[in-house]
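Below are the chains, spelled out letter by letter.
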Amino acid sequence: MLKKIKLWYKLHKWISIVTGLVIVMWLITGFMITTPVFFPKSLRIDQNRPDSPDFRTVTMTPADAVAHVKTIVGHPPEVTSVRLRQISDIVAYRVVLKDNTSYLIDVHAQQEVIITQDMAQQLALEAYPDQAQILSAEKIDRNDLSYPLGPIPAYRIIIDDEQGTHLYVSTQTGEINQTNRYIRSFVIVEMLHSFTAFSITTHNQTRFITYMLWISSFLTIIAAVIGYYLALPHRWQIRWR
Amino acid sequence: MNILLRLRTWYKIHKWTSIFTGLLLLMWLITGLLATWEKLLPKPEAIEPVTFNYDKTTLSPADAIANLEENLGKTVEVNWVALTEILDRIVYKISVKEDKPHLVDAQLGQLVEITPEIAEEIAKAKSPTQAPVLLVERINRNDFSYIYGPTPVYRIVFDDNKTTYSHVSAQDGTVTYNNCWSRITAAFLTLHTFQTLKVITSRKRIITGLLWLSTFLTLFAALNGYYLALPSQWRIPSTPRRK
């Protein structure tokens, strides 16, 4: 009987050693997220945002925008949505087609807007609240740990400042996302806490991540249940012959 | 001090702290499993995106605002103009200051209001079930069947074996669906993310305090366990009890 109890202790010990690492990581990251001392006010972003446009001056119709796209693609496009977007002081229709390609049509100039690297840098400098110099600019096609969640493809513009500011300009919508080193650290801690960090490293294989979470959950439940069994008074435990 | 170094004491501490914090941990693990089981099912075939005919949308945003002001009989301060689709109609959603958003048909220029009849049509058009509609009612607050999402909405209840509900926004016609299984999964998710603490109190500090307390207790139990798992020569030697 003593040998059996020893076996249960060993099982509880070794399973808990492994699964306990995940639990401890989850607890510590959760504590960090909710404690201001780790991530203070630097999480607040100052960004210059353009004034809302005067829609009373927008006389171009969605039908005109679609007709313009027709001249670009050379055939009647299959449109899934048309949306109004503001890019700096430009108002544009974003026409999305069935094959997921999209086109931006300036409502005033009535021509296509293409977000080039130069334009992206210009937009980034306008959005940044102070005078700034650009350290580097590159186009990225995949999310990474510095930019785990925003739209892609995008231009990454790195600003030469103390906070390590990065600005990401979407090539499809002109949307600008801004981060600094504190925000990037916070996001990584948050993603570790919610286990979504693994979707970056495994390239979004949801089922694989879910299997891994299930396996570790089952092992932890087994360790916990064995622990409860060991905590029972001896007379309640099964007598092993 | 000696009593603290005794191994038996550490075992007791680990046992009793783990008995309490283990309940929370088990709840979190089990609700996590139950909230994610659908991700293991084979993915349904991707639905082909629906295309819309924008050729007849001959009203510009400027005309839409002018039509709105004519219908309301007053000038409005416009925050934003968006385009959206309701059934097969293309509609401008005009957000104005100090008022609810207004919908204007981008072809005919008329104001569009989401009535219960239109809401039912929208729900049936995109419904995952062919069952008939049992009930249409207006909901002004979130409840257990519609935990997250803007209000007010129309709830359309379908007469099928999964008790499918559709919620159509009264402001812009956006629609969501759930059934009894997805509602149960959502309930498990609120337990898993400790959202149900808001039932005890809405004060964020108290919720954070409760989470911190359980975090520290569980960390203590875990670290205690790691200490007990160390080889005996690595542990702090305990002085034997005096007889």
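Residues numbered from 1 in each chain as written. Chains lettered and ligands numbered in written order. Predicted model: local features only at pLDDT ≥ 70, side-chain atom pairs only at ≥ 80, totals over all residues. Heavy atoms only, no water.

Peer 1: How should I be thinking about the packing of helix 2 (residues 7–36) of chain B against helix 7 (residues 204–229) of chain B in this particular structure?
Peer 2: Each pair of packed helices gets described by two things: the angle between the helix axes and the distance between those axes. Residues and elements named next belong to chain B. In the contact formed by helix 2 and helix 7, the axes pass within 9 Å of each other and the chain directions differ by 140°. The orientation of helix 2 relative to helix 7 falls into the category oblique. Judged by the sense of rotation from one axis to the other, the crossing of helix 2 with helix 7 is left-handed. Across from L7, W10, Y11, I13, H14, T17, S18, T21 and L24 in helix 2, the residues of helix 7 making contact are S214, L217, T218, F220, A221, N224, G225, Y227 and L228. Of the residues contributing to the contact of helix 2 with helix 7, the split by class is 10 nonpolar, 8 polar and no charged. (Axes fitted to C-alpha atoms, helices over the stretch in contact; angles between N-to-C directions. Helix = DSSP H or I, 4+ residues; strand = E, 2+ residues; numbered from the N terminus. Parallel < 35°, antiparallel > 145°, perpendicular 65-115°, else oblique. Left-handed = near helix turned anticlockwise from the far one by under 90°. Contact = heavy atoms within 4.5 Å. Nonpolar A, V, L, I, M, F, W, Y, C, P; charged D, E, K, R; others polar.)

Peer 1: Would you take a moment to explain the sheet that holds strand 3 (residues 102–106) of chain A for this structure?
Peer 2: Two pairing modes exist for strands in a sheet, parallel and antiparallel, and in both the strands are linked by backbone hydrogen bonds. With antiparallel pairing, 4 strands are arranged side by side in an open sheet as 1-2-3-4 (chain A). For this open sheet the edge positions go to strand 1 (79–87) and strand 4 (112–113) of chain A, each flanked by a neighbour on one side alone. (Pairing = 2+ DSSP bridges.)

Peer 1: When you look at the interface of chain A and chain B in this model, what are you seeing that I'm missing?
Peer 2: How big an interface is tends to be expressed through the accessible area that disappears when the partners come together. Taken residue by residue, the interface counts 48 residues in chain A and 54 residues in chain B. Here chain A packs against chain B, burying approximately 4400 Å² in sum over the two surfaces, 72% of which is carbon and sulfur. Together, F55, R56 and Y228 of chain A form the three largest contributors to the area buried by chain A at its contact with chain B, with a combined 16%. Applying the counting rule to chain A against chain B returns 2 salt bridges. A salt bridge links E69 of chain B to R56 of chain A; the shortest N-O distance between them is 2.8 Å. Along the contact surface separating chain A from chain B lie 14 residue pairs in polar contact (both at pLDDT 80 or more). Elements that contribute at least two residues to the side of chain A that touches chain B include exactly helix 1 (2–33), helix 2 (62–73), strand 1 and helix 6 (206–231) of chain A. Of the residues that constitute the side of chain A that touches chain B, the class distribution is 27 nonpolar, 15 polar and 6 charged. (Buried area = accessible area lost by both parts, 1.4 Å probe. Salt bridge = Lys/Arg side-chain N within 4 Å of Asp/Glu carboxyl O. Polar contact = N/O pair within 3.5 Å; in protein donor to acceptor, adjacent residues only side chain to side chain.)

Peer 1: Can you help me understand the confidence of the model for chain A in this one?
Peer 2: Segments scoring low in pLDDT should not have their predicted coordinates read at a detailed level. Mean pLDDT for chain A: 86, with 91% of residues reaching 70 or above. Of all the helices and strands in chain A, helix 5 (residues 197–201) of chain A carries the lowest mean pLDDT, 65, while strand 3 of chain A carries the highest, 96. (pLDDT = per-residue confidence, 0-100.)

Peer 1: Help me understand the pattern of salt bridges, please; the structure alone is not making it clear to me.
Peer 2: Side chains that differ in charge, positive against negative, can pair when their charged atoms come close. Under the definition given, this model contains 10 salt bridges over all chains. Across the pair D172 of chain B and K93 of chain B runs a salt bridge whose closest N-O atoms are separated by 3.0 Å. Of the two residues, D172 of chain B sits in the loop between strand 7 (165–169) and strand 8 (175–178) while K93 of chain B sits in strand 2 (residues 89–96), which places them 79 residues apart along the sequence. Via salt bridges that share partners, E138, D144 and R156 of chain A belong to a single interconnected network.

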